[in-house]
Amino acid sequence: MAEAARKSSELKGIGYEIFIGTLSVLSLVNIVLTYASGDQALVNVLRTMDALLSFIFLIDFTHRLFTATSKSDYFFRQFGWADLLTSLPFKQVKILRIFRLVRVFRLLREYGLKRIGRSLVRDRAESALVTLLLMGVLVLEFGSLSMLYIEEGANGANILSASDAVWYVLVTISTVGYGDRYPVTDNGRFLGALIIVIGVGIFGTFTGYLANLFLSPAKKPAAPGAADATDPVVTAATDAPLRIGQLRELMAQQQATMDEIERIIGSTDG
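The text that follows walks through the structure, step by step, so that each part is easy to find. (Residues numbered from 1 in each chain as written. Predicted model: local features only at pLDDT ≥ 70, side-chain atom pairs only at ≥ 80, totals over all residues. Heavy atoms only, no water.)

Examining the side chain of aspartate 83
For aspartate 83, the location among the structural elements is in helix α5 (residues 80-86). Using a relative accessible area of 0% as the deciding quantity, one classes aspartate 83 as buried. Among residues more than four places away in sequence, those in contact with aspartate 83 are Phe61, Arg64, Tyr74, Arg100 and Arg103. (Helix = DSSP H or I, 4+ residues; strand = E, 2+ residues; numbered from the N terminus. Buried < 20%, exposed > 50% of the residue type's maximum accessible area, 1.4 Å probe, protein only. Contact = heavy atoms within 4.5 Å.)

Concerning the pattern of salt bridges
Under the defined criterion, the tally for this structure stands at seven salt bridges. Linking arginine 64 and glutamate 17 is a salt bridge whose minimum nitrogen-to-oxygen distance equals 2.8 Å. Of this pair, arginine 64 sits in helix α3 (residues 40-67) while glutamate 17 sits in helix α2 (residues 14-36), and the two are 47 residues apart along the sequence. Ionic contacts of the salt-bridge type, sharing partners, join the residues Glu17, Asp60, Arg64, Asp83 and Arg100 into one network. (Salt bridge = Lys/Arg side-chain N within 4 Å of Asp/Glu carboxyl O.)

Observations regarding the nonpolar core
Grouped together as the largest cluster of nonpolar side chains are 33 residues, with contacts concentrated most on Phe19 and Leu23. Only α2, α3, α8 (124-151), α9 (162-173) and α10 (186-215) provide two or more residues apiece to this core. Ranked by residues supplied to this core, first place goes to α8 with ten residues. Counting five residues, the second-largest nonpolar core is a separate cluster that includes Ile14, Val104, Leu108 and Tyr111. (Core = buried A, V, L, I, M, F, W, Y, C linked by side-chain atoms within 4.5 Å.)

Some points on the packing of α8 against α9
One can describe the packing of α8 onto α9 by two numbers: an axis separation of 8 Å at closest approach and a directional angle of 135°. The orientation of α8 relative to α9 falls into the category oblique. Every pair of crossing elements has a handedness; the one defined by α8 and α9 is right-handed. Facing α8, whose interface residues are Gly136, Val139, Leu140, Gly143, Ser144, Met147 and Leu148, α9 presents Ala162, Ala165, Val166, Tyr168, Val169, Leu170 and Ile173. For the contact of α8 with α9, a count of residues per class yields eleven nonpolar, three polar and no charged. (Axes fitted to C-alpha atoms, helices over the stretch in contact; angles between N-to-C directions. Parallel < 35°, antiparallel > 145°, perpendicular 65-115°, else oblique. Left-handed = near helix turned anticlockwise from the far one by under 90°. Nonpolar A, V, L, I, M, F, W, Y, C, P; charged D, E, K, R; others polar.)

Looking at the packing of α9 against α10
At their nearest, the axes of α9 and α10 sit 8 Å apart, and the two run at 45° to each other. One finds that α9 runs oblique with respect to α10. Contact residues: Tyr168, Val169, Thr172 and Ile173 in α9; Gly192, Ile195, Ile196, Gly199, Ile202 and Phe203 in α10. A class-by-class count of the residues in the contact of α9 with α10 yields seven nonpolar, three polar and no charged.

Some words on the packing of aromatic side chains
Centre distance and the angle of the planes are the two values used to describe a pair of aromatic rings. A complete count under the given rule lists five aromatic pairs for this structure. Taking the centre distance of 5.1 Å and the plane angle of 80° together, the rings of phenylalanine 75 and phenylalanine 76 count as edge-to-face. With a relative accessible area of 60%, phenylalanine 76 lands in the exposed category. The interplanar angle of 5° and the centroid separation of 5.7 Å between the aromatic rings of tryptophan 167 and tyrosine 178 together place this pair among those described as stacked. In this pair, tryptophan 167 is assigned in helix α9 and tyrosine 178 in the loop between α9 and α10, connecting sequence segments eleven residues apart. Using a relative accessible area of 35% as the deciding quantity, one classes tryptophan 167 as partly exposed. (Phe/Tyr/Trp six-rings, centres within 6.5 Å; stacked < 30°, edge-to-face > 60°.)

Following this line, the structure appears as structure tokens:
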């Protein structure tokens, strides 16, 4: 029982864990790309994205620490210390981010693929939010890298540095488009058009999520110790007696109606 409670506390949500796991993979890939790339401008883009990922990991560490059943257990036994170190901007400890990936993989494996699928389908709004956040990070990084690679050596180009590329992709994906930075090559314009389309989709989905969040009726809080009503197994178990009771009530109403009709007919014949 205590072990189940610990795992439940450690698991912060299927979509959330997948999001953190994917960012952990991305951060490890960025470490390899940083050492493999010979272009300093591209390396600067990777370092900028690494700073963003470090900030996200720091928020994740803070969230896990304050929501843990036992803070000392999380920090020492669940590798919270590694979460903290990998949130700091020191390249010597970034390899420890593999601990995040191992924990996410272990939690999801214990949860099971079928339950993961049901949870993602059931919590469609959360899944959509996680997906668009992940897409935003991926487009920001790889869009900046690709745009800088395409435009850097072109004649008349104005996207020449990491800050230029990240700024262009950021204002483009947010559908603002200041126009101070723009691609001059055909490949760059095609990539820019693709980023615009993706940006519209991301922010359209985000707007729909916010509308659903603020306008949908609030859920009634469950009683302490009550089972999760959204669980398909619990729903099937609780709905069956309810449907049987409704059927019996309907049959009783029909019988009462038939008795009333017979009474009326009998009084008329008399």
